[in-house]
Amino acid sequence: NAGVTQTPKFQVLKTGQSMTLQCAQDMNHNSMYWYRQDPGMGLRLIYYSASEGTTDKGEVPNGYNVSRLNKREFSLRLESAAPSQTSVYFCASNPGQRGNIQYFGAGTRLSVL
Amino acid sequence: DAKTTQPTSMDCAEGRAANLPCNHSTISGNEYVYWYRQIHSQGPQYIIHGLKNNETNEMASLIITEDRKSSTLILPHATLRDTAVYYCIVAPNFGNEKLTFGTGTRLTIIP
């Protein structure tokens, strides 16, 4: 049982480049989330998807787009990367039946030069 | 606006109980207290949650005061692998609700 899988684990981009961070969960969870974590900071919510076919903005959505492709997959896209988007990105999922318990992936470490 | 207040850092000797406090004086009636931890460079990990009664699982115990304005996470026999940042979060107990992570308490277990 893989849980929440994020790809890639590391990425270096140049300013203005675009890329998509992939997230997949194999636990049949309804809700999925994208967070970013800057050095010395807590996690901040970028976007979330309460169920397949729905997405909502979190605390810091500017510069990002998301797609809930199906129940398993929730991707995060940076259309034109900026140095301020250098961060560690975490994806999480929540079954919705045992309270607000989220299961996190290992993270994607992104550097924008 | 911060919904929880935690000490920035704490130390605990290996083998002793680690007691991590959290203040949440503005907690609402439908909000639970959740604890997560983040070991260096890893994704956060759920530990325990509760509404008003004390809770215990294989990882930790959670003590919530009667007025629900504060709580304490207890790791009964801390090991070096418990060194992590611990986050106290208040949130409704619905599956699609958001979690707001603060900066947490950095717990260091001393050999």
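As a reminder, the structure under discussion sits directly above these lines.
Note that the coordinates shown come from a computational prediction; the quantities given were computed from them, not determined experimentally. (Residues numbered from 1 in each chain as written. Chains lettered and ligands numbered in written order. Predicted model: local features only at pLDDT ≥ 70, side-chain atom pairs only at ≥ 80, totals over all residues. Heavy atoms only, no water.)

### A closer look at the overall build of chain A
Under the convention used in this document: Numbering of helices and strands starts at the N terminus; helices are DSSP runs of H or I of at least 4 residues and strands are runs of E of at least 2. Within these notes, the globule rule equals 2.2 Å times the number of residues to the 0.38 power, and the radius of gyration is based on C-alpha atoms. Relative accessibility thresholds used throughout: buried, under 20% of the residue-type maximum; exposed, over 50%; partly exposed, between the two (1.4 Å probe, protein chains only). By definition, residues are in contact when any of their heavy atoms lie within 4.5 Å. Per-residue and other accessible areas were derived by the Shrake-Rupley procedure at a 1.4 Å probe size, with only the shown protein chains allowed to occlude residues. Only four residue types enter the charge count: Lys and Arg as positive, Asp and Glu as negative, with His and the chain ends excluded. Charged side chains are reduced to one point each, which is NZ for Lys, CZ for Arg, CG for Asp and CD for Glu.
The helix and strand tally for chain A stands at 0 helices and 11 strands. Traced from its N-terminal end to its C-terminal end, chain A shows the element sequence β-β-β-β-β-β-β-β-β-β-β. The globule rule puts the C-alpha radius of gyration for 113 residues at 13 Å, and the 13 Å found for chain A is close to it. For chain A, buried positions account for 50% of its 113 residues. In chain A, once contacts between residues fewer than 6 apart in sequence are set aside, the share between residues at least 24 apart is 54%. Carbon and sulfur atoms form 49% of the exposed surface of chain A, whose accessible area is close to 5,100 Å². Averaging the locations of the 11 positively and 7 negatively charged side chains of chain A gives two centres separated by 5 Å.

### What to know about the sheet that holds strand β7 (residues 64-68) of chain A
Residues and elements named next belong to chain A. Where we set the bar: DSSP bridges decide pairing: two strands pair if at least two such bridges lie between them. Axis lines are fitted through C-alpha atoms, for helices just across the contact stretch, and the angle between N-to-C directions can take any value from 0 to 180 degrees.
With antiparallel pairing, the 4 strands of this open sheet are ordered in space as β1-β3-β8-β7. Each edge of the open sheet carries a strand with a single partner, namely β1 (4-7) and β7. Direction aside, neighbouring strands of the sheet carry axes that sit 15° apart on average.

### Some thoughts on the pattern of salt bridges
Residue and element names in this part refer to chain A. Put simply, the test is: The salt bridge criterion pairs a side-chain nitrogen of Lys or Arg with a carboxyl oxygen of Asp or Glu, the two atoms within 4 Å.
The full count for this structure, using the stated rule, is 5 salt bridges over all chains. Taking the shortest distance from any N to any O, the salt bridge between D38 and R36 comes out at 2.9 Å. Residue classification places D38 among the buried residues on the basis of a relative accessible area of 15%. When salt bridges with common partners are traced through the structure, they connect R36, D38 and R44 into a single cluster.

### Quick look at the state of the cysteines
Residue and element names in this part refer to chain A. Here is the rule: For this text, the term disulfide refers to a pair of cysteine sulfurs within 2.5 Å.
The full count for this structure, using the stated rule, is 2 disulfides over all chains. What pairs with C23 in a disulfide is C91, and their sulfur atoms sit 1.9 Å apart. Looking along the S-S bond of the C23-C91 disulfide, the torsion reads about -75°, which is the left-handed sense. One end of the pair, C23, is in strand β3 (residues 19-25); the other, C91, is in strand β9 (residues 87-94), with 68 residues separating them in the sequence. Accessibility assignment for this pair places C23 and C91 in one class, buried.

Structural measurements only, silent on function.
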